[in-house]
Number of protein chains: 2
Amino acid sequence: MDDRRLHAHLIGQQGSRRALNTPVLVIDADALARNIATMAAFAQEHGVRLRPHAKTHKSADVARLQIAAGAAGVCCAKIGEAEMLAEAGGVGSILITSPVVSPPAIARLAALNEALADLAVVADNPANVAALAEAMNGKPLTVFVDVDPGIRRTGVASPTDAVALAQAIRAAPSLRFGGVQFYCGSQQHIEAFAERRDAIAERTAYLQTVLDALKEAGSPAPIVTGGGTGTHRIDAALGVFTELQVGSYVFMDRQYNDCDLTGDGAAPYETALMVDARVISANAKALVTIDAGFKALATDGGPPAIISGAPEGAAFAFMGDEHGAIVAKDSGLTLGDIVTLASPHCDPTVNLYDYFHVVRGDTLIDIWPVTARGASR
Amino acid sequence: MDDRRLHAHLIGQQGSRRALNTPVLVIDADALARNIATMAAFAQEHGVRLRPHAKTHKSADVARLQIAAGAAGVCCAKIGEAEMLAEAGGVGSILITSPVVSPPAIARLAALNEALADLAVVADNPANVAALAEAMNGKPLTVFVDVDPGIRRTGVASPTDAVALAQAIRAAPSLRFGGVQFYCGSQQHIEAFAERRDAIAERTAYLQTVLDALKEAGSPAPIVTGGGTGTHRIDAALGVFTELQVGSYVFMDRQYNDCDLTGDGAAPYETALMVDARVISANAKALVTIDAGFKALATDGGPPAIISGAPEGAAFAFMGDEHGAIVAKDSGLTLGDIVTLASPHCDPTVNLYDYFHVVRGDTLIDIWPVTARGASR
């Protein structure tokens, strides 16, 4: 049953969070607002543009809040995600951070470029740039050169290839050279700050050689976009990026909470995303079973942390598609009790739900669609 | 963009599978039909009732095919899944295989019991049985006693508790005692047949003591339901179950393909579910990047197997939320090429998609909604 049909009558009712059917994806409205404001202030203070990654939240509502706080627009991972956010309205500037290569997807890109005020995409291959150039037939499409920071996932492999691709983009009348994208995915989750800073400084020195080569070749990068929640403070201090693609800071998850983001142990961002689950069986010693398993929590990031509802020292263990266990010697938990979990990894957890349930304390205050849920193509 | 808007024009066009936007969840129509027919014939031959588990496919279309082939109805994991399949029509008999405990969910159960021809649910707790009895106020609800086979996930913990619960159900005028559910989840994936058979024989001997205790107490179980794809041939040979809850046989996945289901190495069921993905970057040595990651493939079952599109010996590796790598010394793969993967674990992979794309060979022949996608509550 649609969540709005199921839960809309609970909006504004004191304590109504406890009456939600579980498992349910919950946003703490105040924590979300503080995370958005803190990052916006940080970017403004450091003179860097903010383009938060929408792959984390897939939500037009969250994107609008980020833009209202000063973001230049958002990033999307795929053309489908961009289409959904554009259709929802309120998001006029989107950068698609992964190459769009198939003919049907490029045709959709051309259509979206006409519909949206400001659309950009990355490319890492001359054949792809040629196909993009061929397909655009109205407003020029902005194309960024994606530079591989050593992950070997996407991006050109050398400064020479970056220059060649930038020149191919500049030579096409239907394209516009946007600049360079550089995303150090492997470095985001290094837990110790100093180790992460050294790794990023080394990679940023490489990025600088790419930027120097472009400049020398007469194709300087107008925008240098990249970075993430794990490295944004280091990126800003190094001063090479002109635009930050931070995503997870809006919600935070167990993986990022394990990282020292500032170097002094301060935690500028709060856990704003949770999953509430309910005890549905309590017959075994030292564990109870809750109604959240592989279909309610992403499994790539290990088990979720327990935020509340279970005693200190209790742990979550996956029990298959539909169930999890709260393991504790004497949890005192009984049938119907609610346990609140921190998502292990936000992005793929959000992708499992059709709606966010927005709360203030224990009261449901709104229900927001996960606008681009499932839009991975 | 909605898959039907995106792809409906390709239905019936020769070779149109290659034109689908990727990643895309694909059903081989003929393999699906053979799997359904083979299991139906097996059940009929062994005089056991079939009630396939719909948590695997969440699809009204697949459920209707199973029922047309002789299934008595389907199982659902959660009340939400049952609501969606009931609303879609063509499914008149549903057993919910996990306890429904919260007051709002029990209210939905009461409503569904009025709407559906034949609804049943399991219970493992006297307080839950009392709550169910209190909430039903029209047609009696059928309730099965869920017996824990030693997983400690759900189920009563002893024959004595089973008898007490059966008697509580029988004592409630608004409830009807349906029988016993016994699901040996831990044994389903034991790869060697003989080892799996011995484990199930031992567990079934325990089940028999539960059934004997019920009979002695004057509450014999009308139906004994359980079993799965991994054990159904053993379950049928042991002859204790009267109804089989097999799920994964319709699609098969990498995990079940690793199991010897028959004891003689025969593979009675075929891989009918696939994910087609596309190469979107090819700049690195010994690997190319495809557009399927954590949001396109369940991660709890390890990496998917490669069915076609890459040379012998190539392997898949996850590369984050949106990407995967095909690792091979010289794959010959280039931008836009398609690689077909076998889902590592069907159920949570299906739950990531809104639609199945049904193919015969390389031609798209239909698009079916994943009726109960996301309905985990």
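Scroll up a little and you will see the structure.
Residues numbered from 1 in each chain as written. Chains lettered and ligands numbered in written order. Predicted model: local features only at pLDDT ≥ 70, side-chain atom pairs only at ≥ 80, totals over all residues. Heavy atoms only, no water.

Enquirer: So what about the overall build of chain A? Which residues, and what values?
Expert: In terms of helices and strands, chain A carries 11 helices and 17 strands. At 22 Å, chain A has a C-alpha radius of gyration in line with the 21 Å of a compact globule built from 377 residues. Structurally, chain A occupies a C-alpha span of about 70 × 45 × 35 Å along its principal axes. Out of the 377 residues belonging to chain A, those deemed buried represent 60%. Put simply, of all contacts in chain A between residues at least 6 apart along the chain, 68% involve residues at least 24 apart. By element, 52% of the accessible surface of chain A is carried by carbon and sulfur atoms, the whole surface being about 12,800 Å². Side-chain charges of chain A comprise 30 positive and 41 negative groups, with the mean position of each set lying 3 Å from the other. (Helix = DSSP H or I, 4+ residues; strand = E, 2+ residues; numbered from the N terminus. Rg over C-alpha atoms; globule rule 2.2 N^0.38 Å. Buried < 20%, exposed > 50% of the residue type's maximum accessible area, 1.4 Å probe, protein only. Contact = heavy atoms within 4.5 Å. Areas by Shrake-Rupley, 256 points an atom, 1.4 Å probe, with all protein chains shown as cover. Lys, Arg positive; Asp, Glu negative; His and termini not counted. Charge placed at Lys NZ, Arg CZ, Asp CG, Glu CD.)

Enquirer: Requested: an account of the interface of chain A and chain B, with residues and values cited.
Expert: Frequently, the measure chosen for interface size is the accessible area that the parts lose on association. With 69 residues of chain A at the interface, the matching set in chain B holds 69 residues. Each partner contributes to the roughly 5,400 Å² buried at the junction of chain A and chain B, and carbon and sulfur atoms together form 48% of this total. If you sort the residues of chain A by the area they bury against chain B, Arg-153, Lys-295 and Arg-377 of chain A come out on top, with a joint share of 14%. Our count for the contact surface shared by chain A and chain B stands at 35 residue pairs in polar contact (both at pLDDT 80 or more). A total of 5 residues in the side of chain A that touches chain B trace back to one element, the largest contributor, which is helix 4 (residues 79–88) of chain A. Looking at the side of chain A that touches chain B residue by residue, the classes come out as 24 nonpolar, 22 polar and 23 charged. (Buried area = accessible area lost by both parts, 1.4 Å probe. Polar contact = N/O pair within 3.5 Å; in protein donor to acceptor, adjacent residues only side chain to side chain. Nonpolar A, V, L, I, M, F, W, Y, C, P; charged D, E, K, R; others polar.)

Enquirer: Which residues make up the pattern of salt bridges, and what values go with them?
Expert: Evaluated as defined, the whole model comprises 40 salt bridges over all chains. In this structure, Lys-55 of chain A engages Asp-347 of chain A in a salt bridge whose closest nitrogen and oxygen atoms are separated by 2.8 Å. With Lys-55 of chain A in the loop between strand 2 (49–50) and helix 3 (60–68) and Asp-347 of chain A in helix 11 (residues 346–350), the pair connects residues that are 292 residues apart, well separated along the chain. Here the two residues Lys-55 of chain A and Asp-347 of chain A agree in accessibility, since each one is buried. Bridged by salt links that share partners, the residues Asp-354 and Arg-373 of chain A together with Asp-354 and Arg-373 of chain B form one connected network. (Salt bridge = Lys/Arg side-chain N within 4 Å of Asp/Glu carboxyl O.)

Enquirer: Explain the pairing of strand 13 (residues 315–318) of chain B residue by residue, including any values.
Expert: All names here are of chain B. Strand direction decides the pairing type here: strand 13 and strand 14 (residues 324–327), joined by 4 bridges, are antiparallel. By the bridge assignment, Phe-318 is partnered in strand 14 with Gly-324. What sits between the antiparallel neighbours strand 13 and strand 14 is a turn of 5 residues, in which Gly-320 has the positive phi angle 105°. (Pairing = 2+ DSSP bridges.)

Enquirer: So, the relation of the copies chain A and chain B: which residues are in play, and what are the values?
Expert: With an RMSD of 0.0 Å, the operation that places chain A on chain B is a rotation of 180° combined with a shift of 0.0 Å along the axis. The relationship between the two copies is best expressed as a two-fold rotation axis. Both copies share a contact surface, since 100% of the interface residues of chain A are interface residues in chain B too. (Least-squares fit on C-alpha atoms with pLDDT ≥ 70 in both.)

Enquirer: Help me get a handle on the environment of Glu-216 of chain A, residues and values and all.
Expert: All names here are of chain A. You can see Glu-216 is positioned in helix 8 (residues 193–216). Looking at Glu-216, the relative accessible area reads 74%, which means it is exposed. Residues Glu-216 and Val-163 lie 53 residues apart in sequence; the distance between their C-alpha atoms is 9.4 Å.

Enquirer: An account of the packing of aromatic side chains is requested, with residue identities and associated values reported.
Expert: Across all of its chains, the model carries 10 aromatic pairs over all chains by this definition. Relative to Tyr-206 of chain B, the ring of Phe-182 of chain B lies with its centre 6.3 Å away and its plane at 45°, an arrangement referred to as tilted. With Phe-182 of chain B in strand 7 (residues 175–182) and Tyr-206 of chain B in helix 8 (residues 193–216), the pair connects residues that are 24 residues apart, well separated along the chain. Of the residues examined, Tyr-206 of chain B reaches a relative accessible area of 18% and is grouped as buried. Connected via pairs of aromatic rings, a cluster forms that spans Phe-294, Phe-316 and Phe-318 of chain A. (Phe/Tyr/Trp six-rings, centres within 6.5 Å; stacked < 30°, edge-to-face > 60°.)

Enquirer: Provide a residue-level description of helix 8 of chain B, including the pertinent values.
Expert: Residue and element names in this part refer to chain B. Spanning 24 residues, helix 8 covers 34 Å between terminal C-alpha atoms, matching the ideal 34 Å at 1.5 Å per step. Burial in helix 8 covers these residues: Phe-193, Arg-196, Ala-199, Ile-200, Arg-203, Thr-204, Tyr-206, Leu-207, Val-210, Leu-211 and Leu-214. On its buried face, helix 8 sits against helix 7 (159–171), strand 7, strand 8 (223–226) and helix 9 (232–238). Among the residues trailing helix 8, Gly-218 stands out with phi positive, at a value near 80°. (Expected span 1.5 Å × (residues − 1).)

Enquirer: An account of the state of the cysteines is needed here, citing residue identities and associated values.
Expert: Residues and elements named next belong to chain B. A complete count under the given rule lists 0 disulfides over all chains for this structure. In this structure Cys-259 is a free cysteine whose sulfur lies 12 Å from that of Cys-346, the closest cysteine sulfur available. Look at Cys-259 and you get buried, because its relative accessible area is 10%. (Disulfide = S-S within 2.5 Å.)

Enquirer: An account of the sheet that holds strand 9 (residues 243–244) of chain A is needed here, citing residue identities and associated values.
Expert: Residue and element names in this part refer to chain A. The parallel open sheet is built from 8 strands, whose spatial order is 2-9-8-7-6-5-4-3. Looking at the sheet topology across the chains shown, the edges are occupied by strand 2 and strand 3 (74–76). Pairing of strand 2 with strand 9, which is carried by 2 bridges, proceeds in the parallel orientation. When the bridges of strand 9 are listed, Leu-50 appears paired with Leu-244. Contacts between helix 5 (residues 103–115) and the sheet are confined to strand 4 (93–96), strand 5 (118–123) and strand 6 (141–146), with strand 5 contributing the most and set at about 150° to the helix. (Axes fitted to C-alpha atoms, helices over the stretch in contact; angles between N-to-C directions.)

Enquirer: Can you break down the sheet that holds strand 3 (residues 74–76) of chain B residue by residue, with the values?
Expert: Backbone hydrogen bonds hold the strands of a sheet together, and the pairing may be parallel or antiparallel. All names here are of chain B. Taken in spatial order, the 8 strands of this open sheet run 2-9-8-7-6-5-4-3, and their pairing is parallel. The open sheet is flanked by strand 2 (49–50) and strand 3, the only strands paired with a single partner. Here strand 5 (residues 118–123) runs beside strand 6 (residues 141–146); their pairing, made up of 4 bridges, is parallel. Directly across from Val-122, in strand 6, lies its bridge partner Phe-144. Running at roughly 170° to strand 4 (residues 93–96), helix 4 (residues 79–88) makes contact with strand 3 and strand 4 of the sheet.

Enquirer: Pulling in residues and values, what's your account of unusual backbone geometry?
Expert: All names here are of chain A. The amide bond that connects Thr-22 to the next residue, Pro-23, takes the cis arrangement and shows omega of -5°. With respect to the helices and strands, Pro-23 occurs in the loop between helix 1 (3–7) and strand 1 (24–28). Although it is not a glycine, Met-252 sits at a positive phi angle of roughly 60°. Of note, Met-252 is situated in the loop between strand 9 and helix 10 (254–257). A residue is classified by how much of its surface remains accessible, and Met-252, at 3% relative accessible area, is buried.

Enquirer: For the packing of helix 7 (residues 159–171) of chain A against helix 8 of chain A, give the residues involved together with the corresponding values.
Expert: Angle between the axes and distance between the axes are the two parameters that describe a pair of packed helices. Residues and elements named next belong to chain A. Between helix 7 and helix 8, the shortest axis-to-axis distance is 9 Å and the interhelical angle comes to 40°. In terms of axis orientation, helix 7 runs oblique to helix 8. Where helix 7 crosses over helix 8, the handedness of that crossing is right-handed. Contact with helix 7, carried on its side by Pro-159, Ala-162, Val-163 and Ala-166, involves Tyr-206, Thr-209, Val-210, Ala-213 and Leu-214 of helix 8 and no other residues of that element. Of the residues in the contact of helix 7 with helix 8, the class split is 8 nonpolar, 1 polar and no charged. (Parallel < 35°, antiparallel > 145°, perpendicular 65-115°, else oblique. Left-handed = near helix turned anticlockwise from the far one by under 90°.)

Enquirer: Would you mind going over the side chain of Ser-16 of chain B in detail, with residue names and values included?
Expert: Residues and elements named next belong to chain B. For Ser-16, the location among the structural elements is in the loop between helix 1 (3–7) and strand 1 (24–28). A polar contact is formed between the side chain of Ser-16 and the backbone nitrogen of Leu-364, at a distance of 3.1 Å. Excluding its chain neighbours within four sequence positions, the residues that come into contact with Ser-16 are Leu-10, Asp-362, Thr-363 and Leu-364.

Enquirer: An account of helix 4 of chain A is requested, with residue identities and associated values reported.
Expert: Since one α-helical turn is 3.6 residues long, residues separated by three or four positions face the same way. Of all the positions in helix 4 of chain A, only Ile-79, Gly-80, Glu-81, Ala-82, Glu-83 and Leu-85 of chain A are classed as buried. Of the residues trailing helix 4 of chain A, Gly-89 of chain A is marked for its positive phi of about 90°.

Enquirer: Can you explain the nonpolar core? Please cite residues and give values.
Expert: Core analysis: the largest hydrophobic core is formed by 201 residues, its most contacted members being Ile-94, Leu-109 and Phe-251 of chain A together with Ile-94, Leu-109 and Phe-251 of chain B. Ignoring anything within four residues of it in the chain, the contact list for Phe-251 of chain B reads Ile-27, Leu-32, Asn-35, Thr-56, His-57, Glu-270, Thr-271, Ala-272, Leu-273, Cys-346, Val-350 and Phe-356 of chain B. (Core = buried A, V, L, I, M, F, W, Y, C linked by side-chain atoms within 4.5 Å.)

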